[in-house]
Amino acid sequence: MLSISLRGWLCGWLIMMSIPAFAGVLPFVQESSYRLTLTPSDKGLSEVISLNLDGFAAADSSANTDVFNRIKTQKDIIARSLRAEGYYSFSIDHQFDDRGDVKTQQVVYRIQQGQRYKVAALHFQFPQQVAAPAAPADTSLKVGSALRAQDLLNQFRWLQTWVAEHSCLVDPQLDYQVTLNRELASADITYRLKEATPALVGHVEFVGAKNLSPDMLARKVLIKPGDCFRRAKLDDAKLALLQTQLLTRVDYRIQRRAGELSAAGYKVVDVVFTLEEYPRRSMSVGLGYSTDYGPGVTLGWQNRNLFSGGEQLAFKAGVDEVNQYISGSLGLPEFFAVRQSLTLSSEIRSQKTDAFNTSQLEASAVISRKIAAPLTASYGVTLTATEVETLTTSAAVGGAEPVASRQSEIYRLVGVPVTLNFDNRANPLDAKRGWTMGGSVQPMFDLTKTDTRFFQWTVSAAHYQTASRMKFKPTLALRAAAGAITGAGVDDIPADQLFYVGGGGSVRGYPYQTLGALQTTTSASGGTDITPLGGKSYGELAAELRLQLSESWGLVVFTDGGYAYPDELPKFGEDFYWGAGLGLRFITSFAPIRFDVAVPLQQRDQIDDDFQLYISIGQAF
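Residues numbered from 1 in each chain as written. Predicted model: local features only at pLDDT ≥ 70, side-chain atom pairs only at ≥ 80, totals over all residues. Heavy atoms only, no water.

Draft legend 1. View of the overall build of the protein. In terms of regular secondary structure, the protein is built from six helices and 29 strands. When each of the 621 residues of the protein is scored for burial, the buried share is 40%. Looking at the protein alone, contacts between residues at least 24 apart form 59% of all its contacts between residues at least 6 apart. Carbon and sulfur atoms form 56% of the exposed surface of the protein, whose accessible area is close to 32100 Å². (Helix = DSSP H or I, 4+ residues; strand = E, 2+ residues; numbered from the N terminus. Buried < 20%, exposed > 50% of the residue type's maximum accessible area, 1.4 Å probe, protein only. Contact = heavy atoms within 4.5 Å. Areas by Shrake-Rupley, 256 points an atom, 1.4 Å probe, with all protein chains shown as cover.)

Put into structure tokens, the structure is as follows:
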């Protein structure tokens, strides 16, 4: 038996494998400067060796000048490739074919790879205070499997993570040894963890956050004096502090107490977090334009740390051709639980659309609870006082034309919204990967109109996938949404609570709210007025292909479809109107600025324009 350390050949193999196989440089002499003959024949192994030879040749053309140096280098690459695939009892010979000039002759490598080595046993030499895993979860290398270098490295990395998560060691030193048995063509692998004294957490200190409550910070990090030291917990604590959106930077360092041991004989280490705060107060200004709303401007003011515990007070106002509003909110984190928050908000809004005009005052209280990292639930109550003005048409009498008039109603609605959302996107304003899915139900009733009682149901999902290795790093983004209102007829539901489809954020290319039932009337001037009637249900689909042209610019090709139905359940896909278009994205550090042009694929006379334009911040979804 032969006991060897495989560190050297693994490092050499990794260096060799990191060389690009297609670097655009000429190989040693010519593309067909060698030929491989394996005994026994193995097409897969031959392809692996050829890939490594060609890759090294493309990256190091300096070896062209000396054919014998080239042969020596190629033999070394072949040997490394064989060992990386689990072959150790091999032989390599070479000869030239008979083509005259030695510099142009093709080299024929005759390889007898021998028997492939298998893993005979896995051993763990761990200190007594650290329990070894019963069996590695990474099963790419197990008893009976081929001794491949990449599988060994994968298992070693997994074991490093496992040790960090299941021990109290500050700097665990893990190594491995491979013992080859050439008679049996097998190998024993031994993982060795160096003897070390485990550590407990002493003091947890926060430096640099003068305006934040130390108690609030301590609750976020979930690390207490006396806890077993685990570096993964420190990384989780750093992320939790950044997710408060109160800090621009979080670092930590470990301070060892020399010579001090706990009662159980553990070392004691202190953890110091160094923090940098965001400014407590900030203002924002936003500009946008769309064919639906015309030019618009929004103003915002925020205090993100009102009482030193991360309480957020915010005011916002906006105006465009359709909406005018002013709103305020107060967010209280850790509302009776660390993962729970309360948001109190109010809004005054005026809205003028072709479907209705409203003047609205709304107040709400919503509790949100983070169930798991990507999963959040919320529930609350809303109070809404609204005056809704809609267009009504009287019946024709004696052959006269129907008469259109405006009718106003006042509603005093109470809602109890309940939502469940899953979102594992890294950046909601420019998602590259992940899912977002959500569902909500909101019972609503009027305090004065007993026949106005109904339920609003909505579901939505979006998926994002990026091919980061392809040219332009294309991202495919897909979205689907649907909703339904049950429990009341259309006439008993306020017009502003019905579903409307069409426009930015819905189906681009069509006017706002126009994809559904429409009412046509003749105005006093003799023109034709189109009034959307809304629906009790709706369905929407959207797809985008996002291309990154450069660091600052992107291109998007998209299509949207949807419709609002008069029935309680949407006939998903039926009667859909489709739009399509192109968009430019100016990429900033915060979010992309969106410029979209969309056209209706089923253009309707006197309703749809030739195109619609949308300018805003963030992707469409």
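Draft legend 2. Representation of unusual backbone geometry within the structure. Between Thr39 and Pro40 the backbone carries a cis peptide bond, its omega angle lying at -5°. Even without being a glycine, Gln245 presents a positive backbone phi close to 60°. Tracing the sequence through the fold places Gln245 in the loop between α6 (231-242) and β9 (247-261). On the basis of relative accessible area, Gln245 is assigned to the exposed category, the value being 52%.

Draft legend 3. The sheet that holds strand β2 (residues 34-39), seen in detail. Strand order in the open sheet formed by three strands is β2-β4-β3, with mixed pairing between adjacent strands. The strands lining the two open edges of the sheet, one partner per strand, are β2 and β3 (91-96). On average, adjacent strands in this sheet sit at an angle of 20° to one another, irrespective of strand direction. Relative to strand β4 (residues 107-112), β3 is paired through six bridges, and the arrangement is antiparallel. Bridge pairing links His94 to Tyr109 in β4. (Pairing = 2+ DSSP bridges. Axes fitted to C-alpha atoms, helices over the stretch in contact; angles between N-to-C directions.)

Draft legend 4. Examining the layout of surface pockets more closely. Estimated volume of the second largest pocket: approximately 1100 Å³. Surrounding the second largest pocket, 28 residues form its lining, Asp496, Leu498, Phe499, Tyr500 and Tyr512 being those nearest its centre. Looking at the lining of the second largest pocket, the elements that each hand over two or more residues are β15 (340-352), β19 (418-423), β20 (434-446), β21 (453-466), β22 (475-486) and β25 (537-548). Top contributing element to the lining of the second largest pocket by residue count: β20, with three residues. Of the residues that constitute the lining of the second largest pocket, the class distribution is eleven nonpolar, 13 polar and four charged. (1 Å grid on protein atoms, 1.4 Å probe; cavity = no way out; pocket = protein on both sides within 12 Å on 5 of 7 lines; lining within 4 Å. Points joined across faces, edges and corners; volume = space filled by probe spheres on them. Nonpolar A, V, L, I, M, F, W, Y, C, P; charged D, E, K, R; others polar.)

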